Amino acid sequence: MTKQVQQLDRVIIRFAGDSGDGMQLTGDRFTAETAEFGNDVSTLPNFPAEIRAPAGTLPGVSSFQLHFADHDILTPGDAPNVLVAMNPAALKANLGDLPRGADMIVNTDEFTKRNLQKVGYAASPVDDGSLAEWRVHAVPLTSLTVKALEGFDISKKDAERAKNMFALGLLSWLYHRPTEATVKFLQGKFAKKPDIARANIAAFQAGWNYGETTESFSVSYEIKPASLTPGVYRNISGNQALAYGLIAASVQSELPLFLGSYPITPASDILHELSKHKRFGIRTFQAEDEIAGVGAALGAAFGGALGVTTTSGPGVALKAETVGLAVTTELPLIVVDVQRAGPSTGMPTKTEQTDLLMALYGRNGESPVPVIAPATPSDCFAAALEAARIAVKYRTPVMLLSDGYLANGSEPWRLPEIDDLPDLRVEFTTQPNGDDGETYLPFKRDPRTLARPWAVPGTPGLEHRIGGIEKADGSGNISYDPDNHDLMVRLRQGKIDGIARDIPALEVDDPDRDARVLVLGWGSTYGPIAAAVRRVRRAGGKVAQAHLRHLNPLPANTGEVLRSYDKVLLPEINLGQLALLLRARFLVDIISYNRVRGLPFKAEELAGVIQDVIDSE
Amino acid sequence: MSDIATNGLRYVTPNGGTGLTLVPRTDEKQTLKDFKSDQEVRWCPGCGDYAILAAVQGFLPELGLRRENIVFVSGIGCSSRFPYYLNTYGFHSIHGRAPAIATGLAASRPDLSVWVITGDGDALSIGGNHLIHALRRNVNLNILLFNNRIYGLTKGQYSPTSEVGKITKSTPMGSLDRPFNPISLALGAEASFVARTLDSDRKHLQSVLREAAAHRGASLVEIYQNCNIFNDGAFDQMKDPALRDDITLRLEHGLPIVSASKAVRRAANGGIEVVDRASVAEDEILVHDAHNPDPSVAFALSRLDEPAFEHVPLGIFRSVDRPAYDTLMAEQLKEAEGTRGPGVLGDLLHGGDTWRVG
């Protein structure tokens with residue numbers, strides 16, 4: 001049978017199943033194959049906080065969406081073209097996102113009476129005609145896998161578990177993906193269980209062969225490689241890029257990295273990643289709690305290390321007092337907040353941008369800290385380097401605001417040239433700096449940066465004491481003098497404000513320079529906003545786009561940019577935190593657009609919002 | 001991993017610790033004056049902290065360490081002002097967190113002699129978690145816990161070591177909370193060095209500090225310290241010439257545990273008991289073994305002052321050799337570097353599945 005091959009420019013696939021079905025792994029492998037093939041790709045995992053919710057239930061559904069194309073793309077896609085549903089719960093949980101006419105591949109083996117009842121289906125939707133508006137491919141994935149593995153020396157359970165590889169094989173056939181890397185991956189993953197490795201590879205190949213022979217699939221699809229900027233690429237998630245950025249910061253600053261951290265979703269993978277790279281001289285310390293994590297990092301910074309702590313919102317709340325101590329002792333420290341849905345425990349695996357005001361103001365006293373937010377998963381690398389640059393140069397804690405979407409999402413990353421990375425080397429103070437040539441004044445500042453000297457224990461003659469009590473300007477001795485306090489409050493603020501001179505101006509993308517509406521964003525909304533802007537422009541709309549990476553201090557030209565447009569639209573995954581700040585600071589009437597659903601914006605949704613603002617001109 | 005990580009507990013001879021071998025030494029003669037900072041000491045007149053400060057300043061010169069390699073880290077409370085008065089590196093941090101901050105410093109800088117100054121409220125209430133974890137990890141710290149059984153800096157509320165029924169500003173009808181025994185707590189956390197001493201007994205205090213400094217790993221030294229403003233006389237029995245020799249059970253490794261009139265022996269119920277010294281034969285008296293890997297006898301000794309200071313053991317309850325946290329951490333780094341060579345950034349970034357475009 002000859003099968004038809006259709007050309008597509010882009011596809012969005014969503015793999016969905018029970019949290020024990022291996023959907024994240026399946027998605028990761030399809031992503032790797034797709035990246036290797038040369039498409040541009042963007043991914044969005046979506047999983048419950050429960051490690052194994054009861055099998056077959058709606059809360060237990062885990063999914064992985066990926067968007068790949070023959071051109072550069074900015075988001076994991078709004079709505080899938082293809083849904084792979086491993087059971088009735090996965091179908092029910094995802095059907096609402098699936099446009100009419102889209103394909104679905106359904107594992108009919110799991111559509112048993114009991115599994116249907118668990119999610120409230122009276123009859124199987126595959127049979128009762130309720131899915132007539134979609135193109136349903138009913139495939140008994142489990143039994144086909146078990147049959148393909150007859151004769152293997154493995155248990156029935158292990159055979160059934162390989163069904164995700166069968167599905168991956170089928171999808172790999174359907175979209176002409178290269179398969180060698182997955183075979184190699186499975187050999188490596190199950191190196192200690194060669195029987196399981198062989199079975200999974202066999203299931204993967206059986207899935208491919210099934211696609212080629214069965215009549216359920218008459219068409220396969222080709223998506224040509226994208227023409228990306230020349231260079232060497234790898235696929236990378238935000239958490240991994242952030243960890244690599246911290247390692248790069250350690251190498252470039254020649255300071256040993258000390259990570260003090262307490263496990264918390266969705267930040268733990270940074271701790272895991274850094275723990276693997278001890279040969280870079282990295283010390284990772286899994287502390288007894290969030291407070292000890294940041295405390296140990298600060299103690300290490302006092303000793304001359306690049307101190308880092310990684311956490312999510314609830315952890316930032318606990319670390320606040322120590323961050324304040326770092327502000328007043330003026331020691332370098334990087335605080336990574338991988339934001340998640342709050343308040344309190346909230347929705348640990350879901351994304352949000354709701355910690356901005358906490359990062360800026362969530363401490364007692366006047367306690368300014370620089371805040372940086374990466375825009376995309378791969379940008380987490382550069383953002384970590386930038387956070388380190390500011391922390392070390394200005395002797396200050398820096399907040400790095402990633403989020404769950406960036407942390408777990410992935411995209412191809414064009415690897416930087418090592419020679420192009422910034423030089424972050426720092427000189428420790430080794431000589432007295434007092435006018436008498438003998439005294440060391442720990443709070444005598446560099447007149448240009450207002451940073452104080454950094455003299456580490458072990459340096460003879462510079463023995464000094466620092467602490468949380470207000471210090472006299474210069475000497476650092478305890479001081480309750482009212483005017484000194486006022487001066488120190490202003491000096492600490494002035495130091496952070498002055499960083500505005502040392503960061504890039506806010507760039508505006510306004511191709512024809514005639515837009516009257518500016519859409520502004522910060523952090524992980526970059527992709528959806530940029531994709532929405534493209535849609536609006538393609539439809540003839542005029543819109544300018546700008547994206548803030550430095551939230552404190554803001555780029556020096558921010559006010560000027562905001563005032564040069566008739567209308568400024570600011571989508572945020574919070575209730576308008578940046579909008580509040582910008583309105584207060586620049587007296588510009590920002591139009592806020594807010595959704596707090598634990599999910600990233602959709603490009604289509606934002607395109608509509610932008611168009612409405614343009615139309616209301 | 002080397003044997004130090006795997007052989008666990010083992011006996012060491014007294015003073016056989018290696019606590020200071022990684023800290024650079026100086027041949028210059030040091031005196032008490034070298035360790036005094038230029039800051040005016042601001043505790044209440046008559047406070048026990050003065051005696052401890054003088055004892056510490058007087059004892060540091062004999063360590064022969066380079067002054068710049070000594071760091072004092074403190075939390076919050078009266079005692080936590082201590083670092084300002086010593087001409088070493090110092091970090092006056094926040095309430096309860098000194099062990100956490102010192103852990104980061106000591107874990108990354110084995111060349112430093114790191115001292116934590118804390119009080120009963122700082123170490124056992126707000127910072128209790130950090131204390132027990134620093135002890136179980138055996139971070140190379142000397143933790144001096146000034147126990148005055150009261151909150152001083154906040155003006156006289158009861159503390160986690162105050163006796164039940166304590167009448168204070170916050171407990172006008174008496175406190176309800178059973179106090180912690182810091183020695184029992186430290187032993188429960190399997191601290192490798194646990195000792196108790198008294199602010200007014202400079203000789204004993206300095207001898208304990210000497211052993212603590214020589215111990216590589218976490219040393220917890222409880223120092224009974226009088227707060228003459230809010231809890232005056234808390235340890236008077238131990239200072240009263242008529243009582244102290246009968247109350248104080250001296251713990252010295254290899255010697256029988258006795259006071260002037262009392263002796264400790266094994267009890268019929270499997271525990272230990274205090275009896276009249278005259279009523280027991282010499283060979284029945286328990287001989288102190290500070291290096292016993294099993295902490296249960298040390299724990300039993302720590303219970304002898306319950307309920308109310310009838311018999312108070314003073315000295316080193318436990319001193320066993322266990323790998324320090326910084327050593328283990330450094331060994332992992334060395335091991336990682338040894339197997340795969342030092343990290344190269346370019347190799348790391350190019351380490352995954354990569355592909356070339358154009």
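Residues numbered from 1 in each chain as written. Chains lettered and ligands numbered in written order. Predicted model: local features only at pLDDT ≥ 70, side-chain atom pairs only at ≥ 80, totals over all residues. Heavy atoms only, no water.

Moving on, we get to the overall build of chain B. On a plain count of helices and strands, chain B comes out with 12 helices and 11 strands. Here chain B has a C-alpha radius of gyration of 22 Å; the compact-globule value for 358 residues is 21 Å, and the two agree. Each principal axis of the C-alpha atoms in chain B carries an extent, and together these give about 90 × 50 × 45 Å. Within chain B, the fraction of its 358 residues that count as buried is 56%. Considering only contacts within chain B whose residues lie at least 6 apart along the sequence, 69% involve residues at least 24 apart. Just so you have it, chain B exposes about 14,800 Å², and 52% of that area is on carbon and sulfur atoms. (Helix = DSSP H or I, 4+ residues; strand = E, 2+ residues; numbered from the N terminus. Rg over C-alpha atoms; globule rule 2.2 N^0.38 Å. Buried < 20%, exposed > 50% of the residue type's maximum accessible area, 1.4 Å probe, protein only. Contact = heavy atoms within 4.5 Å. Areas by Shrake-Rupley, 256 points an atom, 1.4 Å probe, with all protein chains shown as cover.)

Feature annotation in UniProt places "domain: Pyruvate/ketoisovalerate oxidoreductase catalytic" (unreviewed entry) on residues 20-207 of chain A, given in this structure's numbering. From the first C-alpha to the last, residues 20-207 of chain A spans 20 Å; its make-up is 42% helix and 16% strand. (UniProt positions renumbered as here; feature names shortened; annotations may be inferred.)

Here we take up the environment of Tyr244(A). Looking at where Tyr244(A) falls in the secondary structure, it is placed in helix α9 (residues 238-253). It is 9.4 Å that separates the C-alpha atoms of Tyr244(A) and Ala382(A), two residues lying 138 residues apart in sequence. Once residues within four sequence positions are removed from consideration, Tyr244(A) is found in contact with Arg234(A), Ile236(A), Glu273(A), His277(A), Phe381(A), Trp413(A), Leu348(B) and Leu349(B).

Turning our attention to the packing of aromatic side chains. This structure, assessed with the given rule, holds 24 aromatic pairs over all chains. Ring geometry for Phe258(A) against Phe285(A): centres 6.2 Å apart, planes inclined by 40°, an arrangement best described as tilted. Placement of Phe258(A) in strand β10 (residues 257-261) and of Phe285(A) in strand β11 (residues 283-286) is noted, with a sequence separation of 27 residues between them. The same class applies to Phe258(A) and to Phe285(A), which are both buried. With 5.7 Å between their ring centres and 85° between their planes, Trp43(B) and Tyr50(B) make a pair best called edge-to-face. Residue Trp43(B) is classed as buried on the basis of its relative accessible area, which comes to 8%. Clustering of aromatic rings is evident, with ring pairs tying together Trp43(B), Tyr50(B), Phe59(B), Phe72(B), Phe82(B), Tyr85(B), Trp115(B) and Phe146(B). (Phe/Tyr/Trp six-rings, centres within 6.5 Å; stacked < 30°, edge-to-face > 60°.)

Tallying the contact residues gives 59 residues for chain B and 69 residues for chain A. For the pair chain B and chain A, the two sides together bury roughly 5,300 Å², of which 63% comes from carbon and sulfur. Of all residues in chain B, the largest losses of buried area upon contact with chain A belong to Tyr89(B), Leu349(B) and Trp355(B), amounting jointly to 16% of the total for that side. Seen at the junction of chain B and chain A, the total is two salt bridges. In this structure, Glu463(A) engages Arg67(B) in a salt bridge whose closest nitrogen and oxygen atoms are separated by 3.9 Å. Between the two partners, chain B and chain A, sit 27 residue pairs in polar contact (both at pLDDT 80 or more). Listed by contribution, the elements that provide at least two residues to the side of chain B that touches chain A are β2 (89-92), α3 (98-108), α5 (128-137), α11 (325-340), α12 (345-349) and β11 (354-357) of chain B. Taken together, the residues that form the side of chain B that touches chain A break down as 24 nonpolar, 24 polar and 11 charged. Pairing of strand β9 (residues 231-237) of chain A with β11(B), which is carried by four bridges, proceeds in the antiparallel orientation. Looking at the pairing, Gly231(A) lines up with Val357(B) of β11(B). (Buried area = accessible area lost by both parts, 1.4 Å probe. Salt bridge = Lys/Arg side-chain N within 4 Å of Asp/Glu carboxyl O. Polar contact = N/O pair within 3.5 Å; in protein donor to acceptor, adjacent residues only side chain to side chain. Nonpolar A, V, L, I, M, F, W, Y, C, P; charged D, E, K, R; others polar. Pairing = 2+ DSSP bridges.)

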